[in-house]
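Structure at a glance
Each chain, letter by letter, is given below.
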Amino acid sequence: QVQLVESGGGLVQAGGSLRLSCAASGRTFSSYAMGWFRQAPGKEREFVAAISWSGGNTYYADSVKGRFTISRDNAKNTVYLQMNSLKPEDTAVYYCAATPLKGVATTIYEYGYWGQGTQVTVSS
């Protein structure tokens, strides 16, 4: 079992940056692969980025590649999403998720644990 709490969302102008954090409870955080997803109003939840349990493998959606960076600190039970060069189309609720699967996971169906989400709004 793992519980996830996101933070760091907010309102930012286009071109700006935000760093999201996801704090996980439990002593087995380092055995979980982690992911970030987002959901805009009226749209389905979509994959953003994923990282393996060790942090050695990462994967990004094409829409954020080169702008967002996922990382993790297993000593702090925390995964991060650094978001640079933000665009209005990045506006959404951002969720972190955890899965015991090895490697990186990119679909919602592979994740069994979810946080409550944090709102990111990018103004033009």
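Note that the coordinates shown come from a computational prediction; the quantities given were computed from them, not determined experimentally.

With respect to the packing of aromatic side chains
All told, the structure shown has 6 aromatic pairs when counted by the stated rule. Consider the rings of Y32 and Y113, whose centres lie 5.9 Å apart with planes at 85°: the pair is edge-to-face. Residue Y32 is located in the loop between β3 (18–24) and β4 (33–39), and its partner Y113 is located in strand β10 (residues 113–114); the two are separated by 81 residues in the primary sequence. On the accessibility criterion, Y113 (23% relative accessible area) is partly exposed.

Thoughts on the state of the cysteines
Enumeration over the complete set of coordinates arrives at 1 disulfide. A sulfur-sulfur distance of 1.9 Å marks the disulfide that ties C22 to C96. Taking the sign of the S-S torsion, about 45° here, the bridge from C22 to C96 comes out right-handed. Of the two residues, C22 is situated in strand β3 and C96 in strand β9 (residues 92–99); the sequence distance between them amounts to 74 residues. You can call C22 buried: its relative accessible area is 0%.

Re the sheet that holds strand β1 (residues 4–7)
The strand order β1-β3-β8-β7 describes an open sheet built from 4 strands, whose pairing is antiparallel. Where the open sheet ends on each side, the last strands, each with one partner, are β1 and β7 (68–73). Adjacent strand axes in the sheet meet at a mean angle of 15° when their direction is disregarded. With 6 bridges connecting them, β7 and strand β8 (residues 78–83) associate as antiparallel partners. Bridging across to β8, D73 finds its partner in T78.

Reading guide: rules and limits
Residues numbered from 1 in each chain as written. Predicted model: local features only at pLDDT ≥ 70, side-chain atom pairs only at ≥ 80, totals over all residues. Heavy atoms only, no water. Phe/Tyr/Trp six-rings, centres within 6.5 Å; stacked < 30°, edge-to-face > 60°. Helix = DSSP H or I, 4+ residues; strand = E, 2+ residues; numbered from the N terminus. Buried < 20%, exposed > 50% of the residue type's maximum accessible area, 1.4 Å probe, protein only. Disulfide = S-S within 2.5 Å. Pairing = 2+ DSSP bridges. Axes fitted to C-alpha atoms, helices over the stretch in contact; angles between N-to-C directions.

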